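Close look at the chain arrangement
The primary structure of each chain is shown beneath.
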Amino acid sequence: PFPLLAFTRSAFVAKKRSYDQPNWFGVALAFGTSAALWAWLFKQHEDDVMEYERRKAQRHHKCTGCS
């Protein structure tokens, strides 16, 4: 007739979560990923500023022998 298994809860879901011991691996992974992304952002910004300065200097270069 009607399957009742669809309305039963799994043992993995029914267990109450314990907040006494934090998931340190998850915490480290979250903070590590955030720190890596910020480091990449700062590095990318420095690269962009250097490229901007290089192009600005090249634009104002008035040497006739380089062309």
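Residues numbered from 1 in each chain as written. Predicted model: local features only at pLDDT ≥ 70, side-chain atom pairs only at ≥ 80, totals over all residues. Heavy atoms only, no water.

Identification of the protein as NADH dehydrogenase [ubiquinone] 1 subunit C1, mitochondrial from Psilopogon haemacephalus is taken from an unreviewed UniProt entry. In UniProt, the protein has this text filed under Sequence similarities (unreviewed entry): "Belongs to the complex I NDUFC1 subunit family." (UniProt positions renumbered as here; feature names shortened; annotations may be inferred.)

**Some points on the environment of glutamate 51**
Turning to its location among the elements, glutamate 51 is positioned in helix 2 (residues 24–59). At 2.6 Å, the side chain of glutamate 51 forms a polar contact with the side chain of arginine 54. (Helix = DSSP H or I, 4+ residues; strand = E, 2+ residues; numbered from the N terminus. Polar contact = N/O pair within 3.5 Å; in protein donor to acceptor, adjacent residues only side chain to side chain.)

**Quick look at a nonpolar patch on the surface**
On the surface, a cluster of nonpolar side chains totalling about 500 Å² of accessible area is made up of Trp38, Trp40, Leu41 and Phe42. For leucine 41, the position within the fold is in helix 2. (Patch = residues over 30% accessible without salt bridge, like charges linked within 9 Å, V, L, I, M, F, W, Y side chains within 5 Å. Areas by Shrake-Rupley, 256 points an atom, 1.4 Å probe, with all protein chains shown as cover. Salt bridge = Lys/Arg side-chain N within 4 Å of Asp/Glu carboxyl O.)

**Thoughts on the packing of aromatic side chains**
Tallying each qualifying case throughout the model produces one aromatic pair. Ring centres 5.9 Å apart and planes at 35° place the aromatic pair tryptophan 38 and phenylalanine 42 in the tilted group. Residue tryptophan 38 and its partner phenylalanine 42 are located together in helix 2, separated by four residues, close to a single helical turn. (Phe/Tyr/Trp six-rings, centres within 6.5 Å; stacked < 30°, edge-to-face > 60°.)

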